[in-house]
Structures are given as C-alpha cells and as structure tokens.
Amino acid sequence: MGDLLLPWVEKYRPSQIKDIVGNEETVSRLQSIAIDGNLPNIIISGPPGTGKTTSILCLAQALLGPAYKEAVYELNASDERKLEVVRDKIKKFAAKKVTLPPGRHKIIILDEADSMTAGAQQALRRIMEINSATTRFALACNQSTKIIEPIQSRCAVLRYTRLSDEQILKRLKEVMTIENVPYHENGLEALLHTADGDMRQALNNLQATHSGFGLVNNDNVFKVCEQPHPAIVTMMLSACAECKYKEAYAQMDVLWSKGYASTDILTTMFRVCKTIYAIPEYQRLEFIKEIGISNMRASAGMNTLVQLTGLLARLCDVSRVMMKK
C-alpha cells in the first residue's frame, strides 16, 4: 500500500548519474567527478524540476557507496536557513569524524541555498574554509547570483537549463508504460504545456490526473492543473493579431468568469504566444513585451479585469500599427 501512495517523483527518481534526464554536458562532468573521486565544492543552479538535487544525491551515492548514510548530511536551506542552524547543525556535522576511503570526503548538501540569509552564508563560508580537508559542500539553488561571492569563489558552478519537451515526453512515456496509464496524445501535449520544462511538475501532474480521472487527456489535465485552456488563449491572441477586440474580449470573459487568477491567464498567454507561428515573429515579440508589462503590474497588485482588457486593447493597437507598415 505504501508503494501505491509514493509520489512518482520519488518512485522514479534516478539513483545513478547516467539515468539523469537532460543537461548532458553538465551531467558528464559529474560522471567524471564520480570516477576520479576528486570532488570540489559545487553549486548547481537552474530552474525548478531540472534535476539539481537528484544529481547531487546520485553523485554522493557514487562517491561514498556504503558510507553514504553516515557521511552525507542533507538540509533544505529554505526551511532552515538561519544563522543558528549553520552554527549548530552544519558546523557539528563538519567537525564529525567519519572513516572513509582515501580521497573521499563527507558531503553536506544544501538544497535551495539561495534562500539562506546573508549572515548564515557568511558563517557557512567560514565553515567551508576551516573544514576544507575533510568536508565538501554541494549547494543547489535557482539563482547562483543570490549566493555571496566568497562562497561562489570556493565552488565549481554548474548550470542546468530547462528540459526540452522531447526529454520530458520520453520520461513520461516510460512511467506511463510501467504504471499502465491510459492516455490520449492531446493529454501528453497538455502535460508538456503545464510542465514548461519542469520534470517534477510533469510527473506530479501526470500522477494527479491519473489518480483523479484515470484517463490522461487534454481536458482532464487542465482540470487538475487549474490552468486556462491554451485553445481559448490561442483564439484570444489570434483575435488580437487581427485587431478583433470584441472577439478577444469574449474569450477573456470566459476565462475570467471561470475564476482564473490574472497571473495564471498572463502566464498562459506568455507560453502560448511563443508558439503561435501564424503570427509573425516581430509581432509576437511585441505581444510578449506587453504581456510582460501587464504581468509586472499584476504582481504588484493590479490584477483586475480592467488590466487584462487594457492589455487586449494594447495588443490590438500593436497589430494595427503592424498592419499599416
């Protein structure tokens, strides 16, 4: 029963470096480190769901083998990021004596390290310096720029990018085959759209749709994910491209009446706009700029229907200017 309740993200998490999906060049560097055994302090930065934490765990497992449980300390820095935690828990583990094979080190894994306070990072820098002979640090973060310079200079920085649709699709099909998940092709397209390069999101959405509805198809995925349907957004943007404001507003009204938040509508507009190839590229770029400005306003609190309809009017104006050229 426990296996049935296990999230697929955990159930199908790679245990070896060679099984990690995407970012082949960076992953090959990790494989070289695992073979050589010469682990530096590392920072892996990149978007959520691209395999940063998984890569570090696989690397630690490859380097330490049976000694993994005793020689690895994992901490989610977003939950415990205060100065006291660094001074107490991390410092204590760094000073702990562990018997390891020659050339191997204890590993401290800090997930979401960019959430740590500046004071905690300064204390961490000092601990890294003092325990450099016995301990290595592996930091995972979304933005390496939020890590202070003294720590960055002591680490090898590896960067991950979003996964491609092809990479996510391949993994989804593997999981669906093992779990006997019935699906339609449009359901796969919907999963890829909602994931936006995030493998964790894709697997979570797949499992939620399957457990909720059984069949993975377009409508069921968007019901589970509560995201505006791309077909409606496509019609809305296409209407704007032809300066048909009333038609565009009718589609916006449908989304708003269903209770979607303006930020969700704008995010979907941004994703869809990049893929409407019937609209010329220069026009799409102007659309994306206007959508970005509206998203900034919505994030600042101006998230009303008036703002969204104003955006539609501006998109129609952009199209009108384009037509005159």
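Residues numbered from 1 in each chain as written. Predicted model: local features only at pLDDT ≥ 70, side-chain atom pairs only at ≥ 80, totals over all residues. Heavy atoms only, no water.

Draft legend 1. Structural detail: helix H16 (residues 281-299). Spanning 19 residues, H16 covers 27 Å between terminal C-alpha atoms, matching the ideal 27 Å at 1.5 Å per step. Those residues of H16 lying buried are Gln283, Arg284, Phe287, Glu290, Ile291, Ser294 and Ala298. One side of H16 holds all its buried residues, which, seen down the axis, span an arc of 125°. Relative to its buried face, H16 has exposed residues pointing more than 90 degrees away, namely Glu281, Leu285, Met296 and Ser299. Packed against the buried residues of H16 are helix H13 (230-241), helix H15 (262-273) and helix H17 (305-324). The positive-phi residue at the C-terminal boundary of H16 is Gly301, with phi of around 115°. (Helix = DSSP H or I, 4+ residues; strand = E, 2+ residues; numbered from the N terminus. Expected span 1.5 Å × (residues − 1). Buried < 20%, exposed > 50% of the residue type's maximum accessible area, 1.4 Å probe, protein only. Arc of directions from axis to C-beta. Contact = heavy atoms within 4.5 Å.)

Draft legend 2. Up close: the nonpolar core. In terms of nonpolar packing, the biggest core is built from 28 residues, with Met236, Leu237, Met269 and Phe287 touching the most fellow members. Listed by contribution, the elements that provide at least two residues to this core are H13, helix H14 (245-257), H15, H16 and H17. Within the second largest apolar cluster, 26 residues are counted, among which are Ile20, Leu39, Ile42 and Ala138. (Core = buried A, V, L, I, M, F, W, Y, C linked by side-chain atoms within 4.5 Å.)

Draft legend 3. Broad picture of the packing of aromatic side chains. Counted under the stated rule, the structure contains two aromatic pairs. Plain terms: the ring middles of Tyr245 and Tyr249 are 6.3 Å apart, the flat faces sit at 25° to each other, and that makes the pair stacked. In this pair, Tyr245 and Tyr249 are both assigned in helix H14, four residues apart and thus about one turn of the helix distant. Owing to a relative accessible area of 32%, Tyr245 belongs among the partly exposed residues under this scheme. A cation over a ring is seen here: Lys106 above Phe93, with NZ or CZ 5.7 Å from the ring centre. (Phe/Tyr/Trp six-rings, centres within 6.5 Å; stacked < 30°, edge-to-face > 60°. Lys NZ or Arg CZ within 6 Å of the ring centre and 35° of its normal.)

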